[in-house]
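Report on the structure
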Amino acid sequence: MSTDLRSPVAPENRMEPTNDLRASLSDLLDVVLDKGVYFDLDLVITVADVPLIGVSLRAAVAGVETMLEHGLMQGWDEQIRGSGRSGAEREVPLLDGEEIVLRMSGGHLQEVPYRTWRPGIVYVTSRRVLVWRPDPRELLWQGALRDVTGVELRPEVSVGGADRLRVCVTTPQGTTLLTAAAPQRLHDALRAGTLTRPTGGAATPGPVPRGEGDDAGG
Amino acid sequence: MQVDETSLKNGLLTLVVTLVEVIEEALESQAIRRIEGGRLTDDEQERLGQALLDLDEAIEQIKDDHGLTASVADLRRGLDDVVGDLVDRLANPARWVREPGGENR
């Protein structure tokens, strides 16, 4: 670089006020949703001057708050919010006397019908370890702590090439891989839960709410 | 360019996660508007906040699980640049049209 400091600044480098709007994608979306967009599209596809396919599209896209300000979607808003009012339905279904020991986001590796990670919230309770997805509600995987015969941490290389610790839970149904925000804490909680389980038949797990746990292990 | 299964998977996942992340941010700002709008009950506000928090954690978790944090950030930067140029073009059309015959930026 041999820039002569005394040389006059080139015209395009001279500092002048400009209206430089560096907007990110999120900013753009925010503005669009806040203001609202109305599309009015008529499209006719013709071949050899013969119209063949017609599209007539009217669409309004906006944040619901904007919609309400313009008097749109009031019925939907009340109806949908009314249907979701029972908040208890979103909670994880627990057995009688079952207590949550640990809750963190995570997931489990589904083996059948295809192999995929299913994200949810991992719970360790006083009796079970389960992966729960609140929306749409589904118990993705569960195992009774008294059935757990092995818990170990297993390092794995992820798709992106990063190292991750997975928690391996072995039950009579098979071995399931769990992932969690804090694998070490999940591992420790599971270890503690499975080692201090009450001996004898006192802790028979009640009827499990759904049977997915049985086939998830493969 | 070599396309193997891993890089394909990586690219697709990055794309999907990035889109979800952008949508999640839009949802978050709309949630703030709704809460400020004053129509939601306390219970609804709390549920909304918790659900968005869970969603945020889930996305972070997915990124961690698949090692996508860096590639998602890259893609977001790229998208932001595209949007930034677009908005800039719309706001300052004069700067993008140099003298006729001159090269565009």
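Residues numbered from 1 in each chain as written. Chains lettered and ligands numbered in written order. Predicted model: local features only at pLDDT ≥ 70, side-chain atom pairs only at ≥ 80, totals over all residues. Heavy atoms only, no water.

1. Describing the confidence of the model for chain A
Residue and element names in this part refer to chain A. Across chain A, the average pLDDT comes to 79, with 76% of residues at 70 or higher. Averaged pLDDT values for the elements of chain A fall to 43 in helix α5 (residues 212-216) and rise to 93 in strand β1 (residues 37-47). Note on residues 199-218: pLDDT is under 50 here. Beyond four places in sequence and across chains, it has 33 contacts. (pLDDT = per-residue confidence, 0-100. Helix = DSSP H or I, 4+ residues; strand = E, 2+ residues; numbered from the N terminus. Contact = heavy atoms within 4.5 Å.)

2. A word on the pattern of salt bridges
Should their charged atoms come close, side chains of opposite charge can pair. Enumeration over the complete set of coordinates arrives at 21 salt bridges over all chains. Between arginine 81 of chain A and glutamate 44 of chain B there is a salt bridge whose closest N-O contact spans 3.1 Å. Taken together, the residues arginine 81 of chain A in helix α3 (residues 74-83) and glutamate 44 of chain B in helix α2 (residues 42-66) connect one chain to another. Neither arginine 81 of chain A nor glutamate 44 of chain B differs from the other in exposure class; each is buried. (Salt bridge = Lys/Arg side-chain N within 4 Å of Asp/Glu carboxyl O. Buried < 20%, exposed > 50% of the residue type's maximum accessible area, 1.4 Å probe, protein only.)

3. Concerning α2 of chain B
Residues that lie three or four places apart on an α-helix share one face, since the helix turns once every 3.6 residues. All names here are of chain B. Here α2 spans 36 Å end to end across 25 residues, near enough to the 36 Å set by a 1.5 Å rise per residue. Three or more residues of α2 are buried, namely Glu44, Leu52, Asp54, Ile59, Gln61, Lys63, Asp65 and His66. Backbone geometry just after α2 places glycine 67 at a positive phi near 65°. (Expected span 1.5 Å × (residues − 1).)

4. Re helix α4 (residues 183-195) of chain A
Residues and elements named next belong to chain A. For α4, spanning 13 residues, the distance from its first C-alpha to its last is 18 Å, which sits close to the expected 18 Å at 1.5 Å a residue. When α4 is considered as a whole, its buried residues turn out to be Pro183, Leu186, His187, Ala189, Leu190, Gly193 and Thr194. One side of α4 holds all its buried residues, which, seen down the axis, span an arc of 165°. For α4, the secondary structure elements touched by its buried residues are β3 (100-110), β4 (116-125), β5 (128-134), β7 (150-157), β8 (163-171) and β9 (174-180). (Arc of directions from axis to C-beta.)

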